[in-house]
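# Examining the three-dimensional arrangement
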Amino acid sequence: PGDWSSDVCSSDLSAADISFSYNAAAVSNGKNSSCAGIVGYTTNGSVANCYNEGKVTSKGSYLAGIFGYSMKTTVSCCYNAGSSTGAGIGGYSAGTNTNVYWLSTSATKAFSSSAGTNTNCKSLTAAKMKDKANFTGFDFSKNWEITGYHSDYPTLKAIEYHSFTYLSSTAPTCT
């Protein structure tokens, strides 16, 4: 957790598969490139079982909660609950997106621009985000849970959530 800022903004991946990942930090980019909570730019890969809770901001045109720019990439069983000055799911999509959701208050549209195939990409209210019945395709017996321990929204079973105690320190006074 914390803020994440980069010229690349998250990561740029080619022919890579991202799965069982999440982001809870703020992600920002001062450049005119793609930016997102999970992956900035991806081509010929897949993104599955991921979610973003962090705020995403960028000067670029392609920014969103899950991916910024996607070419020939399959995105499935992901959601975005973080706010975005762009789109809820993807900035530009020329891939296949299935069973991908975003919190209705986080963005006004699924994609900034899409030339891809989009099936079951939906905006959900906060109340609907807390009900697993609204997440078609998500495997709640194996991969996902809604426990209320970390979040009232779906979380990944594979991730062990820890609670941290942050200590503040005071600089010594020199006399």
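As the structure is a computational prediction, the values presented were derived from the model and not from experiment. (Residues numbered from 1 in each chain as written. Predicted model: local features only at pLDDT ≥ 70, side-chain atom pairs only at ≥ 80, totals over all residues. Heavy atoms only, no water.)

On to the overall build of the protein, then. A count of helices and strands for the protein gives one helix and 15 strands. Here the protein holds 175 residues, and the buried ones make up 45% of them. Relative to all contacts within the protein whose residues are 6 or more apart in sequence, the contacts with residues 24 or more apart total 53%. Only carbon and sulfur atoms are counted for the fraction: they give 48% of the accessible area of the protein, which is about 8800 Å². (Helix = DSSP H or I, 4+ residues; strand = E, 2+ residues; numbered from the N terminus. Buried < 20%, exposed > 50% of the residue type's maximum accessible area, 1.4 Å probe, protein only. Contact = heavy atoms within 4.5 Å. Areas by Shrake-Rupley, 256 points an atom, 1.4 Å probe, with all protein chains shown as cover.)

Below, the discussion takes up the side chain of Thr43. With respect to the secondary-structure elements, Thr43 resides in strand 6 (residues 39–43). For Thr43, a relative accessible area of 13% puts it in the buried group. A polar atom in the side chain of Thr43 sits 3.3 Å from the backbone oxygen of Met71. (Polar contact = N/O pair within 3.5 Å; in protein donor to acceptor, adjacent residues only side chain to side chain.)

One rule of thumb: low pLDDT means the predicted coordinates there are not for detailed reading. When pLDDT is averaged along the protein, the result is 84; 81% of the residues meet or exceed 70. Put simply, strand 1 (residues 3–5) is where the protein has its lowest mean pLDDT, 43, and strand 13 (residues 117–124) is where it has its highest, 97. Across residues 1–10, confidence stays below pLDDT 50; counting only partners more than four residues off in sequence or on other chains, it has 32 contacts. Below a pLDDT of 50 lies the segment residues 163–169, which in the model reaches zero contacts outside its immediate sequence neighbourhood of four places, other chains included. (pLDDT = per-residue confidence, 0-100.)

This paragraph deals with the nonpolar core. Ranked by internal contacts, the top residues of the largest apolar core, which has 16 residues, are Val47, Ile66, Phe67, Val75, Cys78 and Ile89. For this core, the elements supplying multiple residues, two or more each, are strand 7 (46–52), strand 10 (67–80) and strand 11 (90–103). Among the elements that take part in this core, strand 10 stands out by supplying three residues, more than any other. Ignoring any residue separated from it by four or fewer positions in sequence, one finds Ile89 in contact with Ala64, Gly65, Ile66, Phe67, Val100, Tyr101, Trp102, Ala110, Phe111 and Cys121. Cys77, Tyr79, Met129 and Tyr153 belong to the second largest nonpolar core, which has 15 residues in total. (Core = buried A, V, L, I, M, F, W, Y, C linked by side-chain atoms within 4.5 Å.)

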